[in-house]
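# Commentary on secondary and tertiary structure
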Amino acid sequence: MSVAPKREDYDVVVIGAGPAGLAAAATSAGAGLTTLMLDENIGPGGQVFRAISSTPVTDRNQLGADYWVGADLVQALRASNAEVIHRATVWSLDRNLDIAVSIGGASAFVRAKRVILATGALERPFPIPGWTVPGVMTAGAAQTMLKSSALVPDGRTVIAGQGPLLWLLAAQILRLGGRIDRILDTTGRGNYFAALPHAFAFLTSPYFAKGLSMMREVKAKVQVVSGVTELAAAGDGQLASVSYVAGGKRETIPADLLLLHQGVVPNVNLAMAAGVEHRWDDLQLCWSPVLDASGNSSVAGIAIAGDGAGIGGANAAVVRGRIAARAAVEALAPAVAAKLPAMAALRADLAKAERGRVFLDTLFRPAPQFRIPSGDTIVCRCEEVTAKDVLDSVAIGATGPNQLKAYRRTGMGPCQGRLCGLTVTELMAQARAKTPQEIGYYRLRAPVKPITLAELAAVPKSEADVKAVVRG
Amino acid sequence: MFKRSEQDKRAQVQIFVDGVAVAARQGDTVSAALLASGRDVRRSTAVSGAPRLPYCMMGVCFDCLVTIDGVGNRQGCLVPVAEGMQIEIQKGKREIGR
């Protein structure tokens, strides 16, 4: 069953039903603006609150209190008049705020006065040798299966990487009776010192106590190897072993499942394709949109909220959603805006939610060897392009990611650079002794997710459209 | 690689994987049901034919591409299972007309 949007024009279209999108749509619709929420997933929640309305994990302690916060956000959205469509993949957004969305294999078109992009984050690429071997997945993938289907790792399982999600996932797997054989912590030794000056803010953030107790919970049950400086997966058509170096010593352990994680980065494809200006963030090592204090981007009418605006976590995402929606209400229905929480109060909430972020970003800043691969390690999973291929192309004249497409097709597969873009930028920057900002990123265009030619051909055409391409 | 938690009380949904009946659960995505099935559900890539399994499970990596009810290149991690659904493990690129 697929449901097309009820109208052609909306005051506000929110894209993405994660924490930021849920909060934004509820605020906007609650203020009386015609609001459409488009989301690619089966139900609301995004990644952090995935399957919040349908999870079979009914023991609330297992997923934790932070997860169930999502239920209130969904309830607030449902209590509002927002029109919500799931399994709706937005494949185009342009400067006129025209939106093309694929629903059930057919495209619909809507226009908005304001667009709030809440497309969130994805896990940072983790290009180690063997990361394409079946049995290697992201930690987020395992968490998705855990939340939406109560599935937990069963075979010999290794979790490798760093960051808060890694420990949360490990705790959740253990609570649900899953198996973890070893955790390989890749946090760089130097990061602890670098993060120290920022520790005070973190100590006073709500994440501190929770994070500490979760790490204790996991370490009581699983062998944790810290200071891992090299990592590789191996197996002939199926993961067989994971090898790593810690403290200068190499070890190889048999494994059926390797879960990788080294933080999350903004999912920039739709925003970039709409022409939103992005800058390289030297601390978070990713592209972040250039935004004002209300989340407004360089494209008039397009605001970005949530982790797509720069990684801030779920609590910050909710507040950013409210701020972006309030700004939309101020612009479209100023009289109503007065009834909403004041912008100053929201910004104070945001500062509180973002407290300790610099500490986390510094502590869990992934080491170069886990971001910038070498030799036969695959960089572009779709087109199966290795680091050596990229460097060879640089040697014969490829200057940046867009030239590299012509040499190697990197970023031209179905994922459209989502899993290789950051790696390509940093690899080429290093090879050419440039900054990532100078090297740049893929030029992204609609459709930002693949649609069939049949779907495109079925798009309604005006007489002028036909005239533009028909000869004679 | 994965097992179901005993607390999962969702209704069963029967799907077919390369013609063989597989018990999934209401609300599973196709990819989750395939990984839970214990069967060899590796696809092979269009470029080199290398075997792959889903990597991200959130719609960004396209390593879950699968043929669903005769339509190729579907992202199995974004499609919920339905009773009687016919799933084929996609080997190589999508065929013309499918």
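Computed from a predicted model, the values in this text were never measured in an experiment.

### Regarding the overall build of chain A
Secondary structure summary: chain A contains 20 helices and 22 strands in total. Against the 2.2 N^0.38 benchmark of 23 Å for 472 residues, chain A shows a C-alpha radius of gyration of 22 Å, consistent with a compact globule. Once the C-alpha set of chain A is aligned to its principal axes, its extents read approximately 65 × 55 × 45 Å. The buried share of chain A, reckoned over its 472 residues, is 54%. The contacts of chain A with a sequence gap of at least 6 include a subset with a gap of at least 24, amounting to 70%.

### A look at the interface of chain A and chain B
Across the contact, 41 residues belong to chain A and 35 residues belong to chain B. Contributing elements (two or more residues each) for the side of chain A that touches chain B: β7 (121-123), β8 (136-138), α4 (139-149) and β9 (151-153) of chain A. Grouping the constituent residues of the side of chain A that touches chain B by class yields 18 nonpolar, 14 polar and nine charged. Pairing of β9 of chain A with strand β1 (residues 2-4) of chain B involves three bridges; the strand directions are antiparallel.

### A short note on the pairing of strand β1 (residues 9-15) of chain A
All names here are of chain A. Burial analysis of β1 places six of its seven residues in the buried class, which makes it a mostly covered element. The pairing of β1 with strand β6 (residues 106-117) spans six bridges and is parallel. Residue pairing in the sheet places V13 in a bridge with V115 of β6. Across four bridges, the pairing between β1 and strand β2 (residues 35-38) is parallel. Residue pairing across strands places V14 opposite M37, the latter belonging to β2.

### Remarks on the UniProt feature "domain: FAD/NAD(P)-binding" (unreviewed entry) in chain A
Mapped onto this structure's residue numbering, the UniProt feature "domain: FAD/NAD(P)-binding" (unreviewed entry) falls at residues 10-318 of chain A. As annotated, residues 10-318 of chain A has a helix share of 29% and a strand share of 32%, and its two end C-alpha atoms lie 22 Å apart.

Calculation rules
Residues numbered from 1 in each chain as written. Chains lettered and ligands numbered in written order. Predicted model: local features only at pLDDT ≥ 70, side-chain atom pairs only at ≥ 80, totals over all residues. Helix = DSSP H or I, 4+ residues; strand = E, 2+ residues; numbered from the N terminus. Rg over C-alpha atoms; globule rule 2.2 N^0.38 Å. Buried ≥ 20, exposed ≤ 12 C-beta atoms within 10 Å, placed from the backbone. Contact = placed C-beta atoms within 7 Å. Nonpolar A, V, L, I, M, F, W, Y, C, P; charged D, E, K, R; others polar. Pairing = 2+ DSSP bridges. UniProt positions renumbered as here; feature names shortened; annotations may be inferred.

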